[in-house]
Amino acid sequence: GYFIEPGVTAPPRPRENFLLPAGLLEPRDGHYVLKIGEPMEEAAYLDAVRLVAYDLPPGWDLVLDERMAINTPEATGAPHYFQAEQLPVRAFTGDGTDVTGRVTTADLDAAPVGKVDRRFIGRLAGEQVLTLEFAQALEGARPVLMIDGWVEYPYSQTMFAAWQAQADWRAPTLEARGSNGQWQLVLKEFGYPAGMPRRMSVPLNGLPPGTTALRLRTNQEIYWDRVAVVQSRDLPQARRTTLPLASAQVAESGFARRSTGPQRQPHYDYTHRSPFWDTRYMAGHYTAFGPATELVTAVDDATAIIGPGEEVHLEFSAGLPSLPAGWRRRFVVEANGWAKDMDLYTAQGTTLEPLPSSGLASGPRDALHARYNTRYRDGQ
């Protein structure tokens, strides 16, 4: 229901794969435990969740082909396996400010974006330009741009105001400088890291020969924290294991304490939660507190629905084999579902219905919803 212009809403993308930070997940009592919470004035419709382990031989890592894709190429969610990274040896903004140290370490200290447009959330007064120079040419069969960063998202009402003012948002465009010294367009408005600090990637198809510099341009308020180029390679030795979902429980968790960093980095502290916050519920039937495993096991449009201050607590069996010497294990959360906020200009933003659907047969979904989605909420 996200507003684009009168009569037009953004098409939803009901899937996302998320690479968990290395070393974050540890087993507890034979299970890996994850929580998907709703800390804002929104509703989340969770269709399916999978926890996938990737075991990689020594010297290898992976990044997912994930981002908020605006134009082609589409984000597939598939892994890119790589060994070495090429970090820029020099990085500078449009006014010549050297930011090399700020875009070569993922530390939540990103390159400055420049002056923001105070009229609109997430829009800059001018164009943000980041130029990255590399010591060696970015040559290889499948180069991939890998970025850690985050974005300040506009709301539907922001988009409505911008439509009235005929102000646009231009997603990041990538240019490359080849051996002839000329800049060439490579990816037009390809996308950005979607939401809170995370890692994204995009294939660098069509780089000019001898490319030694890349340039990112956008008027969105996007924070580039770390930028590197890797070479995607086949890795038949990699082991992919989908862990069994042991249980899923819907619960009232309260609201994690939110703080915002100097560059709008959002952070939620789950150890400090409040039972109340200034939020409302969309009118409709939410999932009853308690077991909801059937709702989130398969991609079937049957969704566990939670509102503000609620969560889905997930436990996966941790029965994985020991790693061979020198190997590493990375975890990916693969999720299917939707979210909707209560912005004034979000389509049907005051009610849970119409329920989102990917077009599957509605009979099995309706039967599960009748069993589990029986908790009516409306307003405060």
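The preceding data block contains the structure.
Residues numbered from 1 in each chain as written. Predicted model: local features only at pLDDT ≥ 70, side-chain atom pairs only at ≥ 80, totals over all residues. Heavy atoms only, no water.

Draft legend 1. View of the overall build of the protein. Along the protein, the regular secondary structure elements total three helices and 28 strands. The C-alpha atoms of the protein give a radius of gyration of 22 Å, which matches the 21 Å a tight globule of 380 residues would have. Overall size of the protein, expressed as C-alpha extent along the three principal axes, is 65 × 60 × 40 Å. The buried share among the 380 residues of the protein stands at 51%. For the protein, long-range pairs separated by at least 24 residues make up 79% of all intrachain contacts whose partners lie at least 6 apart in sequence. (Helix = DSSP H or I, 4+ residues; strand = E, 2+ residues; numbered from the N terminus. Rg over C-alpha atoms; globule rule 2.2 N^0.38 Å. Buried < 20%, exposed > 50% of the residue type's maximum accessible area, 1.4 Å probe, protein only. Contact = heavy atoms within 4.5 Å.)

Draft legend 2. Representation of the sheet that holds strand 10 (residues 90-93). One open sheet accounts for five strands, arranged 10-11-17-13-14; its pairing is antiparallel. Both edges of this open sheet fall to strand 10 and strand 14 (183-187), since each of them pairs with a single strand only. Adjacent strand axes in the sheet meet at a mean angle of 25 degrees when their direction is disregarded. In the sheet, strand 13 (residues 173-177) pairs with strand 17 (residues 213-220) via five bridges, with the strands oriented antiparallel. Bridging from a neighbouring strand, Thr173 pairs with Arg217 of strand 17. (Pairing = 2+ DSSP bridges. Axes fitted to C-alpha atoms, helices over the stretch in contact; angles between N-to-C directions.)

Draft legend 3. Structural view of the layout of surface pockets. When its volume is computed, the second largest pocket comes out at roughly 430 Å³. In terms of lining, the second largest pocket is formed by 27 residues, of which the most central are Leu19, Asp148, Pro197, Arg198 and Arg199. Top contributing element to the lining of the second largest pocket by residue count: strand 3 (residues 15-19), with four residues. Classifying every residue of the lining of the second largest pocket by side-chain character gives 15 nonpolar, two polar and ten charged. (1 Å grid on protein atoms, 1.4 Å probe; cavity = no way out; pocket = protein on both sides within 12 Å on 5 of 7 lines; lining within 4 Å. Points joined across faces, edges and corners; volume = space filled by probe spheres on them. Nonpolar A, V, L, I, M, F, W, Y, C, P; charged D, E, K, R; others polar.)

Draft legend 4. Focus on helix 3 (residues 362-372). Looking only at helix 3, the buried set comprises Arg365, Leu368, His369 and Tyr372. In an axial view of helix 3, the angular spread of the buried residues amounts to 100 degrees, which keeps them on one side of the axis. Away from its buried face by more than 90 degrees, helix 3 exposes Ala370 and Arg371. Elements in contact with the buried residues of helix 3: strand 23 (281-286), strand 24 (290-291) and helix 2 (293-297). (Arc of directions from axis to C-beta.)

Draft legend 5. Layout of the packing of aromatic side chains. Per the counting criterion, the structure on display carries ten aromatic pairs. A ring pair is formed by Phe120 and Trp169, whose centres lie 5.9 Å apart and whose planes are at 65 degrees; its orientation type is edge-to-face. Of this pair, Phe120 sits in the loop between strand 10 and strand 11 (123-133) while Trp169 sits in the loop between helix 1 (156-165) and strand 13; the two residues are 49 residues apart in sequence, bridging distant segments of the chain. Accessibility classification places Phe120 together with Trp169 in one group, the buried group. Centre to centre, the rings of Phe255 and Trp277 are 5.9 Å apart; their planes meet at 45 degrees, and the pair counts as tilted. Here Phe255, found in strand 21 (residues 255-260), pairs with Trp277, found in the loop between strand 22 (266-274) and strand 23; they are 22 residues apart in sequence, far enough to count as distant. A relative accessible area of 8% places Phe255 in the buried class. With a relative accessible area of 51%, Trp277 lands in the exposed category. (Phe/Tyr/Trp six-rings, centres within 6.5 Å; stacked < 30°, edge-to-face > 60°.)

Draft legend 6. Up close: the pattern of salt bridges. The full count for this structure, using the stated rule, is 28 salt bridges. A salt bridge links Glu66 to Arg13; the shortest N-O distance between them is 3.0 Å. Taken together, the residues Glu66 in the loop between strand 6 (61-64) and strand 7 (68-69) and Arg13 in the loop between strand 2 (8-9) and strand 3 connect sequence positions 53 residues apart. Residue classification places Glu66 among the buried residues on the basis of a relative accessible area of 5%. Under the relative-accessibility criterion, Arg13 is labelled partly exposed at 33%. A salt bridge links Glu133 to Arg90; the nearest nitrogen and oxygen atoms lie 3.6 Å apart. Remark: Arg90 occurs in strand 10 and Glu133 occurs in strand 11; sequence separation between them is 43 residues. A relative accessible area of 35% means that Arg90 is categorised as partly exposed. Among the ionic contacts, a cluster of salt bridges with common partners joins Asp117, Arg119, Arg123, Asp168 and Arg170. (Salt bridge = Lys/Arg side-chain N within 4 Å of Asp/Glu carboxyl O.)

Draft legend 7. Fine view of a nonpolar patch on the surface. Nonpolar side chains collect at one region of the surface, where Met68, Ile70 and Tyr153 lie side by side and expose about 230 Å² of accessible area between them. Position of Ile70 among the secondary structure elements: in the loop between strand 7 and strand 8 (79-82). (Patch = residues over 30% accessible without salt bridge, like charges linked within 9 Å, V, L, I, M, F, W, Y side chains within 5 Å. Areas by Shrake-Rupley, 256 points an atom, 1.4 Å probe, with all protein chains shown as cover.)

Draft legend 8. Expanded view of the sheet that holds strand 24. The antiparallel open sheet is built from four strands, whose spatial order is 4-26-20-24. The open sheet has two free edges, formed respectively by strand 4 (31-38) and strand 24, since each of these has just one partner strand. Pairing analysis gives eight bridges linking strand 4 to strand 26 (residues 310-317), with the strands arranged antiparallel. Within strand 26, the position partnered with Ile36 by the bridge is Val312.

Draft legend 9. Main features of the side chain of His313. Among the structural elements, His313 can be located in strand 26. Here Lys35 takes part through its side chain, which lies 2.8 Å from a polar atom of the side chain of His313. One polar contact links His313 to Glu315, side chain to side chain, over a distance of 2.9 Å. With residues near it in sequence (within four places) discarded, His313 still touches Arg28, Val33, Leu34, Lys35, Ser247, Ala248 and Gln249. (Polar contact = N/O pair within 3.5 Å; in protein donor to acceptor, adjacent residues only side chain to side chain.)

Function-wise, these values are silent; they only describe arrangement.
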